[in-house]
Every structure is written in structure tokens, then in C-alpha cells.
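# Geometric and topological summary
Given next are the chains, with one letter for each unit.
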Amino acid sequence: MQVAATVPEHSHSVFARAAHALHEGLLVAFPTETVYGLGADAGNAAAIKRLYAAKGRPSNHPVIVHIYCLEQLTEFTRHVPEPALTLAQKYWPGPLTLILPRAAHVLDEITGGQDTVALRIPDHPVALALLREFKKGVAAPSANRFGKLSPTTAADVRSQFGEHEVAMVLDGGSCSVGLESTIVDFSGFQSGEHCAVRILRPGMLLKRQIEETLQVKINGVKATETTETTDAQRTKVRVPGSLRSHYAPSTPLKIVSLEALDTYVAALSAKSARFSVISFHKAESGTDGCLTENSTTALEWIVADNDPYGYARDLYGCLHRLDGLRGDIIVVEQVPDAPEWTAIADRLQRAAAII
Ligand code: TXA
Ligand code: MG
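Residues numbered from 1 in each chain as written. Chains lettered and ligands numbered in written order. Predicted model: local features only at pLDDT ≥ 70, side-chain atom pairs only at ≥ 80, totals over all residues. Heavy atoms only, no water.

## Some points on the packing of helix α4 (residues 82-91) against helix α8 (residues 207-214)
The N-to-C vectors of α4 and α8 enclose an angle of 115 degrees; their axes lie 10 Å apart at closest approach. In this structure, α4 meets α8 at a crossing whose hand is right-handed. Between α4, through Pro-83, Thr-86, Leu-87, Lys-90 and Tyr-91, and α8, the contact on the second element is made entirely by Gln-209, Ile-210, Thr-213 and Leu-214. Residue composition of the contact of α4 with α8, by class: 5 nonpolar, 3 polar and 1 charged. (Axes fitted to C-alpha atoms, helices over the stretch in contact; angles between N-to-C directions. Helix = DSSP H or I, 4+ residues; strand = E, 2+ residues; numbered from the N terminus. Left-handed = near helix turned anticlockwise from the far one by under 90°. Contact = heavy atoms within 4.5 Å. Nonpolar A, V, L, I, M, F, W, Y, C, P; charged D, E, K, R; others polar.)

## Here we look at unusual backbone geometry
For the bond running from Trp-92 to Pro-93, omega is -10 degrees, close enough to zero to count as cis. As for its position among the elements, Pro-93 is in the loop between α4 and β4 (96-101). With phi around 75 degrees, Lys-135 is a residue other than glycine that occupies positive phi space. Here Lys-135 is to be found in the loop between α6 (125-134) and β6 (138-139). Even without being glycine, Gln-215 reaches a positive phi, approximately 60 degrees. Turning to its location among the elements, Gln-215 is positioned in the loop between α8 and α9 (227-235).

## Focus on helix α11 (residues 308-324)
Along its 17 residues, α11 runs 24 Å from first to last C-alpha, staying within 8% of the 24 Å computed at 1.5 Å per residue. Where α11 bends most, at Asp-314, the angle is about 40 degrees. Turning to α11, its buried residues number three or more, namely Pro-308, Gly-310, Tyr-311, Ala-312, Leu-315, Tyr-316, Cys-318, Leu-319, Leu-322 and Asp-323. Buried positions along α11 lie against β10 (253-256), β11 (275-279), β12 (300-303), β13 (329-333) and α12 (342-352). Looking one or two places after α11, you find Arg-326, whose phi comes out positive at around 55 degrees. (Expected span 1.5 Å × (residues − 1). Bend = angle between axes of the 7 residues up to and from the residue. Buried < 20%, exposed > 50% of the residue type's maximum accessible area, 1.4 Å probe, protein only.)

## Section: the packing of aromatic side chains
The final tally for this structure, using the stated rule, is 4 aromatic pairs. With a centroid separation of 5.6 Å and 40 degrees between ring planes, the pair formed by Phe-280 and Tyr-311 is classed as tilted. Residue Phe-280 is located in the loop between β11 and β12, and its partner Tyr-311 is located in helix α11; the two are separated by 31 residues in the primary sequence. Judged by its relative accessible area of 14%, Phe-280 falls in the buried class. For the ring pair Phe-280 and Trp-341, a centre distance of 5.6 Å and an interplane angle of 85 degrees mean the geometry is edge-to-face. With a gap of 61 residues between them, Phe-280 in the loop between β11 and β12 and Trp-341 in the loop between β13 and α12 connect regions that are remote in the sequence. Across this residue pair, the class does not change: Phe-280 and Trp-341 are buried. A connected cluster of aromatic rings, assembled from ring pairs, spans Phe-280, Tyr-311 and Trp-341. (Phe/Tyr/Trp six-rings, centres within 6.5 Å; stacked < 30°, edge-to-face > 60°.)

So, in C-alpha cells, the structure goes:
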């Protein structure tokens, strides 16, 4: 479904109701351009507790506070380093989260007891309308149960939470970016020390774009390494997304190189395994002819988008669907080792880590 560029006039009462629910300490799920968020009043400790309970997430893990304008930064931070402001001005609203020194009053329930707070202005008309109506910050992790796939449609959210847990689910169609925001950590930043800026989680806003904007090289992550985890462990920053079993479907997932794909799939077919495939190639295009419609018994074979932005947009939706087939295994062709694919490769590796 196409996301409306603006919010229709008649829907204002929906946002008033949603904002009212947030004021009451209830949870409201809403779309962002990355994934759907499960929102709670960032200033209400009881609401945050309810949020953690609904997600089944350990309560010492920090959450991102969503805001709608740069002026709100001062409500949550002690100060904003100049390069962080430069990024905010260039990429907000957008798929970027900034880790900044927290203001004293920010709840420990939000920060996980750390001295920092995560902030982001999402680029989605529904999210922005809700945030404007509510006026205060909304704490929102991805609207999935802990360790499960992030939702990119309202239906994905509804499939995970009952009405008694989530008061409202705002439907804004499918998320246009499809993967969680790029997290940039400024907590170690001292004036003039650009190298202390780190990417904690890769997203579709690329390291290269951030470096070009800030005119410096920064420490980042490469999906094939576990820099995110090591950095997180070293600094004791708790980043749930850095756990290897995160973003996982229930079905085991295996990443296979193009060269090995034919043989791997043929072997699964031969033993009558119930499997599905995400590949850049059609089933019948196997070079040795073993992947014809007749010989492969894939439950579903998805031909993936060659464009990384299209692939990212579709990935969680595809995994949700294939997971729903309740097969033995999901086979995913390895994605290219290129900067535009880093966040995708990162999520695939975490999804694969379960086996
Ligand atoms: O795109 C997104 O970022 C989505 C949408 C809903 O905005 N949100 C999202 O939230 O992915 P969540 O909770 O699933 O992931 C937020 C990540 C976690 O890995 C968390 O640990 C990290 O942000 N985080 C939050 N506060 C932090 C802090 N103060 N220091 C370090 N990491 C932090
Ligand atoms: Mg999440």
C-alpha cells in the first residue's frame, strides 16, 4: 500500500485519540519509514514498564525516544555536539538515531540507566502527526516481541500483540525503508575528536553518507565482522540489536553463496525437506539445470530485488511470509559485500544466528 504523503484532514481525531491513549499511559503502535514502533509516553515510568512487559524485553535495555522537531532535543539532552546537530539537520526526519548525553530528568527506564539517550525524528506522516499531537517524546522500540522479526505493516504488529496489550495500531501502510535506523553514538565525543563517533547499528543511511556529511572517517560496522557487538560489550552499551539471535524468524535461516545454492537446494529437495528460498535468481536459472520447476520442491521461491533499497524494504515482509509457511528452513542467497548492503547483511546474519 502506498503511504500517504500527507495526513488527511478527517484523520485528526484518530491522532487525538492516540495521543490521549499515550497520555493515559497506554501503548500505541505507529508506522515509521523504517519499521513500526510500539510507543509509550517517554515521561511516564509506568507506561515504559508496560512497554517492556508487552515486548517481553529485559527492562535494563534502552529505547529510542521519538520526537518531531529539533527544538525537542534540548528537552532530552545536556548538550548536542556540533557534528550530531549537523547530521540531525541533514537527515531528520529520517532513518537516523543519535545517541547523546542525556538530560538529568530523563527516566532510567528509557536509558537503561546509562548516561545517554537515543533520539530520532522519523520520516512518516502518521508518526509525525501523532508526535505533534502528543507534543512530548514517545519511547518506541520496534513493535515486535523481543528477539522476533520487526514489523513493517500494521498487520505484522496485530499478529504479535493483543488488544489488551496495545490500545491502538495506527496503519500507515508498508514501511518505505524497511530496516531499523542507523544508530550513531556521540557519547564518547569530545570537541575535535571526530573519531570517537561510532555507528552502533548499520541502517540504510550509510556510513559513507555520514562520513561525507561530517567530512571525517568514523568507526563503523561491517556485517561480516561483529564490531557492533565488540564495541557494545567493550563500552558496556546495551544494544539489544547487537545480540546475535536478534531479528530472527522462528524458522531456521541459512545464508548460502550463489555458487553453493544449486547444490544446497538440490540436497534439500532430495531429502524432501520443506524449505523456501530468497534468491536473486529464478529457480529455473540454475546453471546445471537442477533447479527447474520440476526438481525443486521449494514451498516458495522469492526472487529478490537487485536494488538494496528495494531488498531492504521487502526483507522483513518476505521473512514474515516465509516464516508463516512453517517449513524446515529458509535459504537466503548471500547478498553483495558492498556498503549499500551492509545493514541487510547484518540483519540476515542475526536472523541466521539461530541455527
Ligand atoms: O528504526 C528504528 O530505530 C525503530 C523505529 C521504531 O524507530 N526502532 C527500533 O527500536 O529499532 P529498538 O528498540 O528495536 O532498537 C533501538 C536500539 C536498541 O538496539 C537499543 O539498545 C539502542 O537502540 N539504544 C537505545 N538507547 C540507547 C542508548 N542510550 N545507548 C545505546 N544504544 C541505545
Ligand atoms: Mg527492535
